[in-house]
Amino acid sequence: MSNEVKTQAGPAPGAAAAPEKKPGKRKLSAEMGILLILVGIAALFEIMGWIFRGDTFLFNPQRLFIIVLQVSVVGLLAIAVTQVIITGGIDLSSGSVLAISAMVAASLAQTSDNTRAVYPALTNLPFIFPLIGGLLVGILAGFINGSLIARTGIPPFIATLGMMVAARGFARAYTGGQPVSMLSPNFTWIGSGYMPVIIFLVTAIIFHIALRYTRYGKFTYAIGANPQAARVSGINVGRHLIIVYTIAGLLSGLAGIVTAARASTGQAGMGLGYELDAIAATVIGGTSLAGGIGRIGGTVIGMVILGIMTSGFTFLGVDVYYQDIVKGVIIVAAVAADMYRQQKRKV
Amino acid sequence: MSSSESLGFHEPFNEEQIAGVFAETPYLLEVEGVRKAFPGVVALDNVQLRIRPGTVHALMGENGAGKSTLMKIIAGVYQPDTGEIRLHGKPVKLPTPLAALDAGIAMIHQELNLMPYMTVAENVWIRREPMKGLGFMDFVNHAEMHRMTEHLFRRLNIDIDPEIEVRYLTVANRQIVEIAKAVSFESDILIMDEPTSALTEREVEHLFAIIADQKAHGVGIVYITHKMDEVFTIADDVSVFRDGRYIATHLAKDINRDILIKEMVGRDLDAMFPKETVPIGDVALSVKNLSLEGVFRDVSFDLRKGEILGLAGLVGAGRTNVAETIFGVTPATSGEIFVNGKKLIVDSPQTAMRVGMALLTEDRKDTGCFLVLSVLENMEMAVLQDRYVKNGFVDQRTLTAECEKLKGMLRIKTPDLYERIENLSGGNQQKGLIARWLLTKPKILILDEPTRGIDVGAKAEIHRLISKLAGEGLAVIMISSEMPEILGMSDRIMVMHDGHVTGFLDRSEADQVSIMHLASG
């Protein structure tokens, strides 16, 4: 699973030319397995589309656009949580951090036409202000998560559960539950058209490279695989964990900005439950909750699988309740399949 | 009775000879022609064993010799592929551990099998609790169970509260409870798999007293151990195994250590410890009155370039703690460390690594390997602290080439560097970890039990490597619980007991006796 794979992204800039490996010795990578599942699911929906609806599922540009758009926002959270899970942790707060960041960013992006702006003195600001505001909120939340986990030893599940509840509270308290609207076009541009997709893909490539070709990435895997050995190998585990969670917060903040810009409004209920979709996509993508194993490529594919399923069920007219049932089954099945594969390797 | 000379050391077990050596008593347990194969390995091949009542029968052999597998077969954990087990002369089948227990065979496992959240009494009597009934419903009779435990403990001279939860006990006390539990079955045969590994000396004596009591009751005790001294203290018979084969059985009083070692390893001691004499250089590391409160105190020594300083002592003497403190894993509470004459406050492994220290930790699985990562990633993790990195990016091409070189040099057996390290054998994992530290080009190498749990061949290779590194001017500290290793490899030996240094021995004056003398305080 940890074999070098050169199928994705180009080699990293500078020194990080992809490591060489004798051809033919490469084993079927984990991503290939998930990719096959993705192709299978897409084909299944296509066939069922023709059978039940007499229409194509895949070859509909508008539907595909909606799928990738949906995938993009949660995808940012999934990238964030992937690296966190690789360290052996978890981040339940990303959906809530998305909300508070969306609120803060929106409040700094209002136009002066708005007579009830959150900060009447701070309207018509250049888009860099809401951008930085939103990111800072995310960074702060992530830093608090990381510090709690690294310095006090509180389990990641508990620390980020606390942040999940508290950040949602902050998002509501920020405007007393009122939506923040009438955002300036130079801000909403961030969420227009294919922008969210571009942001997602660029982020995915950056983190793919970071995890595979940088010291940051190597240490992230090392800590997840064995924190004690990492410490004895000279890695400052506490500091690294704080960085990882802070970056996760930053990405949640970015997702908040994109969400607010896309919807032209900031609302406290944004991103509700996204953290679980993000974790689900990560797990479907082959990242091990035990830490040390996982790829951004897998997560992206896992994300697309979730997106296609949601869209496909809607297309087929399946009741939303049944969609959730199937989704739940798929998540468990993906992990079970992965565990089975690991088991088989050992014998 | 004939003498041991008539027992050819490498000859197969011979009916007549053994009948002559041993008394006429019928055997309690006989194992004959047992073979057991696992996928890829034959763990046991045509193995035999005979246990006399009222004796201690020691099983000796290197790791992987098949002792534990044989015991698991006798205890019903594994089924033999072929062969026969006879109890009191009658062939038996032992399909499960419960069946073995019912047949009168109790085993104390190497791993502790107690339930931490239950009391000592509940653990001892589990599945056999005394009951009191209401006619339609039975309850555990706690008062009776308490009484039974106290009775058992009094007989065995154990001073542990039966009502305390096991999780509050020290590892040694858990082991004692485990032993008491095994005795409580009143079995004919008691199997002990390295029972003293977690025990201090006083507790070992206690265990030996329990064993003597059991012997007097006619119990046959099968005793697996790596500790030579124990064999000569308590064993009546000794059987040696090597590489899954039965080698020989002796009366303990008729043989000596050298013969046993020769049989166990199948070669002479000299070949195993190819220590080269190298010129000793300047002081590389100097430790003065180093203490870690509550753990060890006033440790002082000088370590010179090219020197191998052996660190001997019993389990729990504080050797590992000293190593971890010097390396900054648990910073010292007082004392000083000088590297190349310069004082250094070592507050983290990073600080230690910066001045060229390296620590190969004792526990490969807990603090050594990144099990789910590749061999390559395991090798490169330490050196990435300060080399092969430009602007945060890893210079993978150069680093991989370096690792390939080390893989060849250390003869690490793996399909390629991308194999997960957990799929490698213990010896090859250990070599991978040594490679991790060699990449950092250390000046001071601290090795904590460098050859624990690895096979004989790899062991010799690692010894040769350590010797070679010292020859290149590295200063080496080697902690080892294996006497022959300490004696064979060290230029000087520092002995610890109960958290302090009890003495230094030169290579020329050191032997097993002098070390044991210092190690026991």
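Since this is a predicted model, take the numbers as computed values, not measurements. Throughout, residues of each chain are indexed from 1 in the direction in which the sequence is written. Chains carry letters and ligands carry numbers; both start at the beginning, A for chains and 1 for ligands, and go up in the order they are written. Per-residue local features are limited, in this predicted model, to residues with pLDDT of at least 70; the limit for side-chain atom pairs, both in listing and counting, is 80 or more; totals at the level of whole chains, interfaces and linings are taken over all residues.

How should the overall build of chain B be read in this particular structure?
Of the regular secondary structure elements, chain B holds 19 helices and 24 strands. Computation of the radius of gyration draws on C-alpha atoms alone. For the globule rule, the value is 2.2 Å times the number of residues to the power 0.38. The C-alpha radius of gyration of chain B comes to 25 Å, within 12% of the 24 Å expected for a compact globule of 521 residues. Looking at chain B as a whole, 45% of its 521 residues qualify as buried. Each residue gets a C-beta atom placed from its backbone, and two residues are in contact if those atoms lie within 7 Å. Within chain B, counting contacts between residues at least 6 apart in sequence, those at least 24 apart form 68% of the total. To qualify as a helix, a DSSP run of H or I must reach at least 4 residues; to qualify as a strand, a run of E must reach at least 2; elements of each kind are numbered from the N terminus. Think of it as a crowd count around each C-beta: if 20 or more other C-beta atoms lie within 10 Å the residue is buried, if 12 or fewer it is exposed, and in between it is partly exposed, with C-beta placed from the backbone throughout.

What should I look at first to understand the overall build of chain A in this one?
Helix and strand content of chain A: 13 helices and zero strands. Ordering the α and β elements of chain A from the N terminus gives α-α-α-α-α-α-α-α-α-α-α-α-α. Here chain A, with 347 residues, has 49% of them falling under the buried criterion. Taking the contacts inside chain A whose residues are at least 6 apart along the sequence as the reference set, 79% of them involve residues at least 24 apart.

In this structure, what is going on with the pairing of strand β14 (residues 296-304) of chain B? I would like to understand it.
When a strand is regular, its side chains alternate between the sheet's two faces. Residues and elements named next belong to chain B. With six bridges connecting them, strand β13 (residues 283-292) and β14 associate as antiparallel partners. Following the sheet pairing, S286 is matched in β14 by D302. Here β13 hands over to β14 after three residues, with G294 in that stretch at a positive phi of 80 degrees. A pair of strands is treated as paired once DSSP finds two or more bridges between them.

Before we go on, may I ask you to explain the environment of T333 of chain B in this structure?
All names here are of chain B. Inspection of the secondary structure puts T333 in the loop between α11 (319-326) and β16 (334-339). Classification of T333 by C-beta neighbours within 10 Å gives partly exposed; the count is 13. Expressed as a C-alpha distance, the spacing of T333 and L292, which sit 41 residues apart in the sequence, is 5.0 Å. The contacts of T333, once residues within four sequence positions are left out, are S291, L292 and E293.

Which parts of the structure should I look at to understand the interface of chain A and chain B?
With 30 residues of chain A in contact, the opposing surface of chain B contributes 35 residues. Of all elements in the fold, only α8 (215-225) and α9 (227-232) of chain A reach the threshold of two or more residues within the side of chain A that touches chain B. Ranked by residue count, the leading element in the side of chain A that touches chain B is α8 of chain A, at six residues.

Teacher, can you tell me more about the packing of helix α2 (residues 61-86) of chain A against helix α10 (residues 237-263) of chain A here?
All names here are of chain A. Orientation of α2 relative to α10, taken along the N-to-C sense of each, is 175 degrees, at an axis distance of 9 Å. By the angle between their directions, the pair α2 and α10 is classed as roughly antiparallel. Mapping the contact onto sequence places V73, L76, L77, I79, A80, V81, Q83 and V84 in α2 and V244, Y245, A248, L251, S252, L254, A255, V258 and T259 in α10. Tallied by class, the residues present in the contact of α2 with α10 amount to 14 nonpolar, three polar and no charged. Here an angle of 0 to 180 degrees is reported between the N-to-C directions of two axes, which are lines fitted to C-alpha atoms, with helices fitted over the stretch in contact. Between 65 and 115 degrees an angle is taken as roughly perpendicular, under 35 as roughly parallel, over 145 as roughly antiparallel, and anywhere else as oblique. Under this grouping Gly is polar, as are all residues other than the nonpolar Ala, Val, Leu, Ile, Met, Phe, Trp, Tyr, Cys and Pro and the charged Asp, Glu, Lys and Arg.

What exactly am I supposed to notice about unusual backbone geometry here?
Phi is mostly negative for residues that are not glycine, and the peptide bonds are mostly trans. Residue and element names in this part refer to chain B. The residue N289 is not glycine, and still its phi comes out positive at about 50 degrees. Relative to the helices and strands, N289 is located in strand β13. For N289, a count of 12 C-beta atoms within 10 Å corresponds to the exposed category.

What should I look at first to understand the sheet that holds strand β21 (residues 444-448) of chain B in this one?
Sheet strands associate in pairs through backbone hydrogen bonding, adopting either a parallel or an antiparallel arrangement. Residues and elements named next belong to chain B. Spatial ordering of the open sheet is given by β18-β21-β22-β15-β23-β24, a layout of six strands whose pairing is mixed. Each edge of the open sheet is held by one strand with a lone partner, namely β18 (357-360) and β24 (500-506). Neighbour-to-neighbour, the strand axes of the sheet open up by a mean angle of 20 degrees, direction not taken into account.

I would appreciate a short explanation of α10 of chain A in the present structure.
The α-helix advances 3.6 residues per turn, and as a result positions three or four apart in sequence lie on the same side. Residues and elements named next belong to chain A. Multiplying one less than the number of residues by 1.5 Å gives the expected span of a helix. With 27 residues, α10 ought to run about 39 Å at 1.5 Å a step, and its terminal C-alpha atoms sit 39 Å apart, in line with that. For α10, the buried fraction is high: 20 of the 27 residues fall into the buried class. Two residues or fewer after α10 comes S264, characterised by a positive phi angle close to 55 degrees.

Teacher, can you tell me more about the confidence of the model for chain B here?
A low pLDDT score tells you not to read the predicted coordinates there in detail. Residues and elements named next belong to chain B. Of the residues in chain B, 91% have a pLDDT of 70 or more, and the chain-wide mean is 84. As a per-residue measure, pLDDT tells how confident the predictor is, with possible values from 0 to 100. Taken as a whole, residues 1-24 scores under 50 in pLDDT and shows 26 contacts with residues more than four places along the chain or in a different chain. Two numbers describe this predicted complex: its pTM, 0.75, and its ipTM, 0.81.

Can you walk me through the nonpolar core in this structure?
When a protein is soluble and globular, its nonpolar side chains tend to lie buried together. Definition of nonpolar core: a set of buried Ala, Val, Leu, Ile, Met, Phe, Trp, Tyr and Cys residues joined via C-beta atoms within 7 Å. Counting residues in hydrophobic clusters, the biggest one holds 184 residues, and the most contacted among them are L77, M103 and L251 of chain A together with I446, V476 and I515 of chain B. Broken down by element, the residue count for this core peaks at 14 residues, all from α10 of chain A. With near-sequence residues (within four places) excluded, M103 of chain A lies in contact with A171, Y174, T175, V180, G266 and A268 of chain A. Grouped together as the second largest cluster of nonpolar side chains are 65 residues, L28, A65, L70 and A100 of chain B included.

Any chance you could explain the sheet that holds β16 of chain B here in plain terms?
Residue and element names in this part refer to chain B. Taken in spatial order, the four strands make up an open sheet running β14-β13-β16-β17, and their pairing is antiparallel. Where the open sheet ends on each side, the last strands, each with one partner, are β14 and β17 (342-344). The average undirected angle you get between the axes of adjacent strands in this sheet is 20 degrees. Bridge count between β13 and β16: five bridges; the pairing is antiparallel. Note on β16: the bridge partner recorded for V287 is I337. Those strands touched by α11 are β13, β14 and β16, and its axis lies near 115 degrees from that of β13.

When you look at the confidence of the model for chain A in this model, what are you seeing that I'm missing?
When pLDDT is averaged along chain A, the result is 86, and 89% of the positions lie at 70 or above. The weakest mean pLDDT in chain A belongs to helix α13 (residues 320-346) of chain A at 77; the strongest belongs to α10 of chain A at 96.

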